[in-house]
Amino acid sequence: GEGRAPGGSQQSDGEGSEGEGGGGAAGSREVVNKKKTAQKLARARRVREREAAHSAAKAERKREVQLGRLGPLSSEIKKEAKALGRRQAEAAAREEARRHKVGRLRYIGRRPEVLCTDELVSSLRQLPRPPETDLIADRFDSLQERNLIEVRGPAPKTKRPKRNVYTREGHKDRRYNAAGKAVGFDKTEKPVWM
């Protein structure tokens, strides 16, 4: 009889016939039927279902852990929101405090009126009355200090060219002496009818 191996290939004299068999030895060039059997398909389906159930259970456990931490998570979110609001308010305050330059010149405040040591008196009632301040000038300085209006200096005086004055005599300005000679710029003779 013929001795067949469990794989389905013959083991006689070292030669395997190519037309027979299912599995094949190492040297055979037989095309293997790759279609899965119903048993292998069912096994793969069960493996997929088991993996899906395992991942669903894992996600459920993770969700339960997160739900268990719901109180700490919400308080942490509230703390972060408060910190963010505080940081934004501080940034807005810094931006507001930062002075934006309006013009080319910087504001130089007026010098405060102070008394010298020899002008000081022992009693506050004897202090000289402060001069009345100009309210419009004070408000104007405040606007310039807060950079709401541009700081400007006194306008430079424009130099006007010196005007040269020329005296020109018209025909009515001509003067003649008794001899009939013209006096002044025009040296023409006196007309005959004069």
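Being a predicted model, the structure only gives us computed values, none of them experimental.

**Student:** So what's going on with the overall build of the chain? Residues and values would help.
**Tutor:** A tally of helices and strands in the chain yields three helices and two strands. Seen in sequence order, the chain has helices and strands lined up from the N terminus as α-α-α-β-β. A total of 194 residues make up the chain; the buried ones form 7% of that total. Sequence separation of 24 or more characterises 25% of the internal contacts of the chain that already satisfy a separation of 6 or more. Of the roughly 19,200 Å² that the chain leaves accessible, carbon and sulfur atoms contribute 54%.

**Student:** Talk me through the confidence of the model for the chain; I want residue IDs and the actual numbers.
**Tutor:** Predicted coordinates in areas of low pLDDT are best not read in detail. Per-residue pLDDT for the chain averages 78, and the proportion of residues at 70 or more is 73%. Confidence drops under a pLDDT of 50 for residues 8-12, and excluding neighbours within four residues, the segment shows 13 contacts in the predicted structure. For residues 14-22, every residue scores under 50 in pLDDT, and the model assigns this stretch 11 contacts once sequence neighbours within four places are set aside.

**Student:** Explain the pattern of salt bridges residue by residue, including any values.
**Tutor:** This structure, assessed with the given rule, holds five salt bridges. The partner of R45 in a salt bridge is E49, and the shortest N-O contact between them spans 3.9 Å. Of the two residues, R45 and E49 both sit in helix 1 (residues 38-68), four residues apart, roughly one turn of that helix. With relative accessibility at 43%, the residue R45 sits in the partly exposed group. Residue classification places E49 among the partly exposed positions, given a relative accessible area of 48%.

**Student:** Break down unusual backbone geometry for me, citing the residues and quoting the values.
**Tutor:** The phi angle at N147 is positive, at roughly 60°, despite the residue not being glycine. In this structure, N147 sits in the loop between helix 3 (135-145) and strand 1 (175-176).

**Student:** Which residues make up a positive patch on the surface, and what values do they have?
**Tutor:** A surface patch of like charges, here positive, comprises K36, K40, R43, R46, R48 and R50. Tracing the chain through its elements places R50 in helix 1. Assessed through its relative accessible area of 55%, R50 is described here as exposed.

**Student:** Talk me through the environment of S75; I want residue IDs and the actual numbers.
**Tutor:** Mapping S75 onto the fold places it in helix 2 (residues 70-97). Side-chain polar atoms of S75 contact the backbone oxygen of P72, separated by 2.8 Å.

**Student:** Account for a nonpolar patch on the surface, naming residues and giving values.
**Tutor:** A contiguous nonpolar patch, built from L115, L120, V121, L124 and L127 and spanning about 460 Å² of accessible area, is present on the exposed surface. Looking at the element boundaries, L120 is found in the loop between helix 2 and helix 3.

**Student:** Quick one: what's the story with the side chain of Q144, residue by residue and with numbers?
**Tutor:** Tracing the sequence through the fold places Q144 in helix 3. Q144 gets classed as buried once you look at its relative accessible area, which sits at 8%. Those residues in contact with Q144 that lie beyond four places of it in its chain are Y107, I149, E150, V151 and R152.

Rules used in this analysis
Residues numbered from 1 in each chain as written. Predicted model: local features only at pLDDT ≥ 70, side-chain atom pairs only at ≥ 80, totals over all residues. Heavy atoms only, no water. Helix = DSSP H or I, 4+ residues; strand = E, 2+ residues; numbered from the N terminus. Buried < 20%, exposed > 50% of the residue type's maximum accessible area, 1.4 Å probe, protein only. Contact = heavy atoms within 4.5 Å. Areas by Shrake-Rupley, 256 points an atom, 1.4 Å probe, with all protein chains shown as cover. pLDDT = per-residue confidence, 0-100. Salt bridge = Lys/Arg side-chain N within 4 Å of Asp/Glu carboxyl O. Patch = residues over 30% accessible without salt bridge, like charges linked within 9 Å, V, L, I, M, F, W, Y side chains within 5 Å. Lys, Arg positive; Asp, Glu negative; His and termini not counted. Charge placed at Lys NZ, Arg CZ, Asp CG, Glu CD. Polar contact = N/O pair within 3.5 Å; in protein donor to acceptor, adjacent residues only side chain to side chain.

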